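Observations on the three-dimensional arrangement
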Amino acid sequence: MKKNLRIIISALLALIMVIAYIPAITVSIAKEADGESESDISSSLTDENETSEGETSTDEETTAPETTTENVQEEPPTETTTENTAYKLNPIKRYLSTHAILSYMYSPRDDYYFVSQPSAWQKPYGFNKAYDLVSPYILLEYDYVRVYFQYEKQDYMIQMWKGQYGMVFFGGEIGVYAKPHSDEPDKLYTTYKGVDGNERPKMQITMYHDPAHRGDYQRIFTTPYEKTWWATGFKPGHLTQEEPAIELRQEGKVTFKNEELATLFTQGLKECGFEDGTGIDACTQDGKTVYYTWQNINHAESTMGVKVFTGTVAATTAFLMAPLLAPVWITALGTFGALCLLAVIVL
């Protein structure tokens, strides 16, 4: 019985891995479709477009002045979100800009991918702690912060993520979930559902990246400021340091239906370690709206040991099978075998 359970769990993890990499495959196809035509158009874009990619958010430890409350509450300037035109020559990106494939779409504004809210297949499954526990085993390595509070007869959980999503994407998310109130402590599989209707706040996140670790954070995208239960954004690429993902910074703006909910969220952020103000890992409230800047706080468990073990197994598998298989299959089977073996051993 135990053996069968392990096999089922391994198969489920493999299925999750395939689903997680579908957008990665889409991006790879999109890159190939771009070819030289896209690079030609990119080279002809104006300096103004390049300037939009160069907007910076400098760490407090550098000599840059501290951000004021007024600056935090301002919408990102429209001139910093220039729509790229190269995507129009790419059939995959062009299609994803108006249609969803397994919930994933493409935004020409800031050149990033996101999950479409109306077609999100993830919503009915909600969210629980088990997802974050399993994620590192399928190469989803991210930092996260969970905020809990109770309002009326509902238990709320608001979670933020930032980090490496598989081998192709990095980015960030924020999700708002709720469940009927219970005095029982949460278990590993206690599931919260994405909020609906009037319960959905108006949200927006802006992600910054500092690949050189010099405190010079470049804005990479800003999501629309809209009513939703889940705001997401993912850029093709790989972090130089996955764990912790401190080279990513997330600035968020969340407007609730009333000031009481905003106050509860602000208190929850402070309980998670956020300070009162406008600096790094800090939050401030203006009526029904909460602003936060998140960089260093992390509730995720360290999985570096797991990653080292997985990499060792994958490398050994590849070495042993090298005489029999082509290099592309060595990599694929080695990684898949390592994940399944790890699932059987650990679970």
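The sections below set out a description of the structure shown in this document. Small disclaimer: the values here were computed from a predicted structure and weren't measured. (Residues numbered from 1 in each chain as written. Predicted model: local features only at pLDDT ≥ 70, side-chain atom pairs only at ≥ 80, totals over all residues. Heavy atoms only, no water.)

**Thoughts on helix α6 (residues 259-271)**
We count it as follows: Secondary structure elements are defined from DSSP: runs of H or I of at least 4 residues count as helices, runs of E of at least 2 residues count as strands, and each element is numbered from the N terminus. Expected span of a helix, by definition, is 1.5 Å for each gap between consecutive residues, and there is one gap fewer than residues. Contact between two residues is taken to exist if any of their heavy atoms lie within 4.5 Å; hydrogens are not considered. Identification of polar contacts relies on pairs of N or O atoms within 3.5 Å, with a donor-acceptor requirement for protein atoms, meaning one able to donate a hydrogen and the other able to accept it, and with residues adjacent in sequence counted only if both atoms are side-chain atoms.
The end-to-end C-alpha distance of α6 is 18 Å, a good match for the 18 Å that 13 residues give at a rise of 1.5 Å each. Structurally, α6 contributes buried residues whose contacts are with β4 (140-151), β5 (154-165), β12 (248-255), β14 (282-286) and β15 (289-294). Its side-chain oxygen placed 3.2 Å from the backbone nitrogen of E260, N258 serves as the N-cap of α6. Downstream of α6 by one or two residues, G273 has phi in the positive range, about 115°.

**Some points on the packing of aromatic side chains**
As a reminder of what qualifies: In this scheme Phe, Tyr and Trp rings, the latter by its six-membered ring, pair at centre separations within 6.5 Å, and the angle between planes marks the pair as stacked below 30 degrees, edge-to-face above 60, and tilted otherwise. Throughout, exposure labels follow a simple rule: accessible area from a 1.4 Å probe, protein chains only, divided by the maximum for the residue type, with under 20% read as buried, over 50% as exposed, and the rest as partly exposed. By definition here, charges over rings are those cases where NZ of Lys or CZ of Arg is within 6 Å of the ring centre and within 35 degrees of the ring normal.
Going through the model one piece at a time under the given rule, you end up with 18 aromatic pairs. Relative to Y113, the ring of Y106 lies with its centre 5.2 Å away and its plane at 55°, an arrangement referred to as tilted. Taking the relative accessible area as the measure of exposure, Y106 reaches 1% and is therefore buried. Assessed through its relative accessible area of 4%, Y113 is described here as buried. Note on F149 and Y156: the rings are 5.2 Å apart at their centroids and 10° apart in plane angle, and the pair reads as stacked. Each member of the pair, F149 as well as Y156, carries the same accessibility label: buried. Taken together through their ring pairs, the aromatic side chains of Y87, Y106, Y113, Y142, Y144, Y165, F169 and F234 make up a single cluster. The positively charged end of K162 is found above the aromatic ring belonging to W294, 5.0 Å away from the centroid.

**Focus on the pattern of salt bridges**
As a reminder, the rule being used: What counts as a salt bridge is simple: a side-chain nitrogen of Lys or Arg found within 4 Å of a carboxyl oxygen of Asp or Glu.
Evaluated as defined, the whole model comprises 9 salt bridges. Ionic pairing is found between K162 and D143, a salt bridge with its closest N-O pair at 3.5 Å. Pair noted here: K162 is in strand β5 and D143 is in strand β4, with a separation of 19 residues, a long-range link. K162 gets classed as buried once you look at its relative accessible area, which sits at 0%.

**Here we look at the environment of V254**
For V254, the location among the structural elements is in strand β12. The buried category is assigned to V254, whose relative accessible area is 2%. Residues V254 and F265 lie 11 residues apart in sequence; the distance between their C-alpha atoms is 9.4 Å. When residues no more than four places from it in sequence are discounted, the contact partners of V254 are I174, P201, K202, M203, F265, K288, T289, V290 and Y292.

**A look at the environment of Q285**
Within the secondary structure, Q285 sits in strand β14. Taking the C-alpha atoms as reference points, Q285 and T263, separated by 22 residues in sequence, lie 7.4 Å from one another. At 3.3 Å, the side chain of Q285 forms a polar contact with the side chain of T266.

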